[in-house]
Amino acid sequence: MRGLLPLLMAAILLWPPLAPTADAPDRSPPVIQRDGKLELARFQRCQLDGRELQFLVYAWADAAKVGRARLVAESARAATAEISRLHAADSSGELECREIDAPVGDVDYEIEIEVSAGSVEVASVDVNERSAVVQTGYQARQRRAQGAGVEAAPGPCASTTMGRIFCAHAPDGVAVTTTMGEVVCARGQCVREASGRWNCSRASGGWAELTVTGPECEQGCYPPTQRQCRAA
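Residues numbered from 1 in each chain as written. Predicted model: local features only at pLDDT ≥ 70, side-chain atom pairs only at ≥ 80, totals over all residues. Heavy atoms only, no water.

(A) Structural context of the sheet that holds strand β12 (residues 198–201). Strands sit in the order β11-β12-β15 across an open sheet of 3 strands; the sheet is antiparallel. Only two strands of the sheet have a single partner each, and these edge strands are β11 (190–192) and β15 (221–222). (Pairing = 2+ DSSP bridges. Helix = DSSP H or I, 4+ residues; strand = E, 2+ residues; numbered from the N terminus.)

Okay, structure coming up:
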């Protein structure tokens, strides 16, 4: 535990803001207000003593009781402490974290933070230990869509124009085909805009839909990538 204090002090300096890298967007965490809630979500890649882990950090609060600035500040502190605990709390090394647009493969941990007027609650899930058997209901959704005469929802695997099959690395993820015939993948459901651009949910198996104001996704939308796919 002697190394925990300097580790935390170093990590707190990193978020927010995070120093941009080649695969990191140069922006502050976007806060979305929806159904009376304030929400923010981001992917992070953190390294300590040569060990690298990827995280999905999702924070939310009651919009009537907590302001945007407090949500950002409290979730940053809570995420830093939880990432340090999950990484190696007894290390004396320096924790380095960067925001990334999308994970490589899938995240190692999901961290959920609830900020209320008087407390901050944190829960985390080890994605690697979660059961690989996921009841997505994909085939049932396909049958319902076909019966209704609409485009069926994307599934966990897709094929390129050359016939190569790729599947989402995340167990409840989705694979879709781009306008160039390439397969890209994401953690949750995806919706396609008229331009052909896909928007997908950060949440594992999360919902995504097109609205009159644009795409909306559970825990925020992000673009699918080829690095989240695996060859079938």
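(B) Region of interest: the pairing of strand β13 (residues 208–211). Inspection of the sheet shows β13 paired to strand β14 (residues 214–217) by 4 bridges, in the antiparallel sense. Across the sheet, Ala-208 pairs through a bridge with Cys-217, a residue of β14. Where β13 folds back on β14, the antiparallel hairpin that results is connected by 2 residues.

(C) Looking closely at the pairing of strand β8 (residues 165–168). Here strand β7 (residues 157–159) runs beside β8; their pairing, made up of 3 bridges, is antiparallel. The residue of β8 that forms the bridge with Ala-158 is Phe-166. Here β7 hands over to β8 after 5 residues, with Gly-163 in that stretch at a positive phi of 90°. With 3 bridges connecting them, β8 and strand β16 (residues 229–231) associate as antiparallel partners. Considered in β16, the bridge of Ala-168 is made with Cys-229.

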